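Listed below, chain by chain, are the residues.
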Amino acid sequence: MSSHFLLSAAARTLSVASVARMSEEEAREAFAAIRWSDNQGKPYCPKCGCASVYACPSRGIYKCKGCAAQFSPTSGTIFANRKLAVREYLLAIAIFCNGAKGISALQLSRDLSVQYRTAYVLAHKLRETMADQINGEKVAGDVEIDGAYFGGHVRPANWKQNRRDRRLRFNRSPKRRVVVIMRERQGRTLPFVFKAEDQAIPTIEAHVEPGSTIYADEAGSWNDLHSRYLTKRINHQEAYSDGEACTNQAESFFSRMRRAEIGTHHHFAGPYLASYADEFAWREDNRRISNGEQFLKVMGGAAKHPISRKWCGYWNRKPQAEAAE
Ligand SMILES: [Zn+2]
């Protein structure tokens, strides 16, 4: 009997313990090898590109012989201006990759023994790295499209006579957003966030190659797609699949994301909903590679990613009052 991939030994090639056992020097070497992979892992200056450098092994830094700039393996990457040891970042990546339904910042802060704020920004930097490996891509062939709403929970009033009908548009929270997913069968997953499903049409046209077949449910928002693509619809009130059309792959993405919302994060904050959607699209697309490969993919992405404009110095820029919320 063949067992499920995730139950096989091939799915487990990396343990958090093995990363925790690394010395700081080994961790720096591992990061440097992937960061400077285009120079056989040998350091070169991030400012002027000069390959002739002095090394200061005790401090883990280098000095450029050309321009005298000092740099470390993480300078100019998403982990630039770091306060923790490189090993802690690799540990964070291993913990983050192993969490099939995501890892909350609180849990990460306990696992690494760092402040909540540090863990929050670190997790978002990893999401940014994952998003980088998805953004700008296109899908083709058999593409399933579906939307699901997140955020903006309206709490029902205590007394029945004070309750409002939350199905009506004007009784909903303005924070509510829809994640629209474009998912190739046996292929990649592209998520986008909108205020309403029907705003997604131009983005779908920009990211789904002409000539593709689109599968969607009976929602009226998708009617305009018929003029651009061969579009097959499935009415979920009658069946989930009629042998011709189904959106089960798209639904499976939302199932994973919904479980992460309920079980791990409890709510996805409005402005960062897209970051979480990108994270779960990445997890969906990489679910059939070993956790060791996932780790290398995220570490490689982090090493090649420039300094994050959004997350580097986030708490310094954020007004204290807002941060205290
Ligand atoms: Zn230089």
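Below you will find a few notes about this structure. (Residues numbered from 1 in each chain as written. Predicted model: local features only at pLDDT ≥ 70, side-chain atom pairs only at ≥ 80, totals over all residues. Heavy atoms only, no water.)

One open sheet holds the 5 strands; their spatial order is S6-S5-S4-S7-S8, and the pairing between them is mixed. Every other strand in the sheet has two partners, leaving strand S6 (189-194) and strand S8 (230-234) as the edge strands with one partner each. Sheet twist, expressed as the mean angle between neighbouring strand axes with direction ignored, is 25°. Both strand S4 (residues 142-150) and strand S5 (residues 177-184) contribute to a ladder of 8 bridges, which runs antiparallel. (Pairing = 2+ DSSP bridges. Helix = DSSP H or I, 4+ residues; strand = E, 2+ residues; numbered from the N terminus. Axes fitted to C-alpha atoms, helices over the stretch in contact; angles between N-to-C directions.)

Opposite charge on two side chains permits them to pair, given that their charged atoms come into close proximity. Tallied over the full model, the rule gives 13 salt bridges. When the shortest N-O distance is used, the salt bridge between Arg185 and Glu144 registers 2.6 Å. Of the two residues, Arg185 is situated in the loop between S5 and S6 and Glu144 in strand S4; the sequence distance between them amounts to 41 residues. Note on Arg185: relative accessible area 27%, which makes it partly exposed. Between Arg228 and Glu205 there is a salt bridge, with its nearest N and O atoms 3.2 Å apart. Highlighted residues: Arg228 in the loop between strand S7 (213-217) and S8 and Glu205 in helix H6 (residues 201-207), separated in sequence by 23 residues. Through salt bridges with shared partners, a single network forms among Arg183, Arg256, Glu284 and Arg287. (Salt bridge = Lys/Arg side-chain N within 4 Å of Asp/Glu carboxyl O. Buried < 20%, exposed > 50% of the residue type's maximum accessible area, 1.4 Å probe, protein only.)

Here we take up the sheet that holds strand S1 (residues 53-56). Reading across from one edge, S1-S2-S3 is the order of the 3 strands in this open sheet, with antiparallel pairing throughout. Pairing within the sheet leaves two strands with one partner each, and these edge strands are S1 and strand S3 (70-71). Pairing of S1 with strand S2 (residues 61-64), which is carried by 4 bridges, proceeds in the antiparallel orientation. Pairing of Cys56 across the sheet is with Ile61, part of S2.

The next thing to look at is the packing of aromatic side chains. For the structure on display, the rule yields 17 aromatic pairs. Seen in terms of ring centroids, Trp36 and Tyr62 are 5.9 Å apart; in terms of plane orientation they differ by 85°. Their pairing is edge-to-face. A residue pair is termed long-range when its members are at least 10 positions apart, and Trp36 in the loop between helix H2 (24-35) and S1 and Tyr62 in strand S2 qualify at 26 residues. Residues Trp36 and Tyr62 agree in their burial class; the two are buried. (Phe/Tyr/Trp six-rings, centres within 6.5 Å; stacked < 30°, edge-to-face > 60°.)

Along the polypeptide, Asn286 turns up in the loop between helix H8 (273-285) and helix H9 (291-304). Here Asn286 is in contact with Gln294 and Lys297, once residues within four sequence places are set aside. (Contact = heavy atoms within 4.5 Å.)

What follows deals with the coordination of the zinc ion. Surrounding the zinc ion are the protein donor atoms Cys45 (SG), Cys48 (SG), Cys64 (SG) and Cys67 (SG), which sit 2.3 to 2.4 Å from the metal. Around the zinc ion sit 4 donor atoms, and with donor-metal-donor angles ranging over 101 to 117° the site reads as tetrahedral. Between consecutive donors of the zinc ion, the numbers of intervening residues give the motif C-x2-C-x15-C-x2-C. Here Cys67 lies in the loop between S2 and S3 and Cys45 lies in the loop between H2 and S1, a separation of 22 residues in the sequence. Here Cys45 falls in the buried class, since its relative accessible area comes to 1%. (Donors = N, O, S within 2.8 Å, 3.2 Å for Na, K, Ca; no water. Tetrahedral: all angles 85-135°; square planar, octahedral: opposite > 155°, others 65-115°.)

Before going further, it helps to examine the pairing of S2. Count of turn residues in the S1/S2 antiparallel hairpin: 4 residues, of which Gly60 carries a positive phi of about 70°. Pairing between S2 and S3: 2 bridges, direction antiparallel. Looking across to S3, one finds that Tyr62 is bridged to Phe71. In this structure, the hairpin formed by S2 and S3 is closed by a connection of 5 residues, where Ala68 is found at a positive phi of approximately 65°.

So, on to unusual backbone geometry. Of all residues except glycine, most have a negative phi; of all peptide bonds, most are trans. Positive phi values are uncommon outside glycine, yet Ala68 reaches one of about 65°. Turning to its location among the elements, Ala68 is positioned in the loop between S2 and S3. At His266, a residue that is not glycine, the phi angle is positive and equals roughly 70°. Take His266: it is sitting in the loop between helix H7 (248-265) and H8.

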